[in-house]
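For reference, the chains in residue letters:
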Amino acid sequence: MHELSLAQAVVGTVADAAVANGAARVSLVRLRVGMLSGVVCSALEFAFDVAADGTAAEGARLEIEALPVVVHCPTCGTDGALAELTRFRCPACGTPTAEVVQGRELEIASIEVVVAEEATP
Ligand SMILES: [Zn+2]
């Protein structure tokens, strides 16, 4: 599975972002994952914990928002979410379509960080 390499990429990105912003660690990572991305969310959650170990993202919570697959219909122009992934048809008029406008995403929506407490002299 490719979840571990994805998780490592996410951890690297958020840990770098935290350090670049002077934060001590990452407390929460929100991902948007399209249902056509091929990512197994439970596997990604597990891989994230493994990849985050020993980084600024260690112990961070991971929230995954699953995005439905949206197709564009060439006949009636509707952008509609598919009810089932085995049936690529316009939800409005039934025309077969493979024009996917959403569903392949894997992106970091936002992160929350903990800023380092200032050392007392
Ligand atoms: Zn249509």
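Per-chain numbering applies: the sequence of each chain, read as written, is numbered from 1 onward. Per-residue local features of the predicted model are confined to residues with pLDDT of at least 70, and side-chain atom pairs are confined, for both listing and counting, to 80 or more; whole-chain, interface and lining totals are unaffected and use all residues. Side-chain calculation: all heavy atoms of the structure are included, whereas hydrogens and water are not.

Engineer: Any details on the packing of helix α1 (residues 3–20) against helix α2 (residues 41–52)? Residues and values, ideally.
Structural biologist: Between α1 and α2, the least distance of the axes is 8 Å, while the angle of their chain directions is 55°. On the basis of the axis angle, α1 is oblique to α2. Here the hand of the crossing between α1 and α2 comes out right-handed. On the side of α1, the interface is formed by E3, L4, L6, A7, Q8, V10 and V11, while α2 contributes A43, L44, A47, F48, V50, A51 and A52. Among the residues making up the contact of α1 with α2, the classes are represented as twelve nonpolar, one polar and one charged. Axis definition: a line fitted to C-alpha atoms, over the contacting stretch in the case of helices. Angles run 0 to 180 degrees between N-to-C directions. In DSSP terms, a helix is any run of H or I states spanning at least four residues, a strand is any run of E spanning at least two, and both are numbered starting from the N terminus. The cut-offs work like this: below 35 degrees is roughly parallel, past 145 is roughly antiparallel, 65 to 115 is roughly perpendicular, and the gaps in between are oblique. Note on convention: near helix rotated counterclockwise from far helix by under a right angle means a left-handed crossing. Clockwise means right-handed. The contact criterion used is simple: two residues touch if any of their non-hydrogen atoms lie within 4.5 Å. Classification used: nonpolar for Ala, Val, Leu, Ile, Met, Phe, Trp, Tyr, Cys and Pro, charged for Asp, Glu, Lys and Arg, polar for all others including Gly.

Engineer: If you had to explain the pairing of strand β1 (residues 23–34) to someone new, which residues and values would you point to?
Structural biologist: Any two strands are treated as partners once DSSP identifies two or more bridges connecting them. By the bridge criterion, nine bridges tie β1 to strand β6 (residues 106–115) in an arrangement that is antiparallel. Following the sheet pairing, R30 is matched in β6 by S110. In the sheet, β1 pairs with strand β2 (residues 61–67) via seven bridges, with the strands oriented parallel. The residue of β2 that forms the bridge with V33 is A66. A crossover connection joins β1 to the parallel β2 through α2; in handedness this β-α-β unit is right-handed. Think of it like this: strands point away, you trace from the first strand over the helix to the second, and a clockwise trace means the crossover is right-handed.

Engineer: I'd like a description of the pattern of salt bridges, backed by residues and values.
Structural biologist: A carboxyl oxygen of Asp or Glu within 4 Å of a side-chain nitrogen of Lys or Arg is what we treat as a salt bridge. Tallied over the full model, the rule gives five salt bridges. Between E63 and R30 there is a salt bridge; the shortest N-O distance is 3.1 Å. Highlighted residues: E63 in strand β2 and R30 in strand β1, separated in sequence by 33 residues. On the accessibility criterion, E63 (29% relative accessible area) is partly exposed. We classify R30 as partly exposed; its relative accessible area is 29%. A salt bridge links E107 to R32; its shortest N-O distance comes to 2.9 Å. On the criterion of sequence distance, the pair formed by E107 in strand β6 and R32 in strand β1 is long-range, its members being 75 residues apart. Each member of the salt-bridge network shares a partner with another, and the members are R30, R61, E63 and E112. Under the scheme applied here, a residue whose accessible area is under 20% of the maximum for its type counts as buried, over 50% as exposed, and between as partly exposed, the area being computed with a 1.4 Å probe on protein chains only.

Everything listed here is a matter of coordinates, which is why it stays silent on function.
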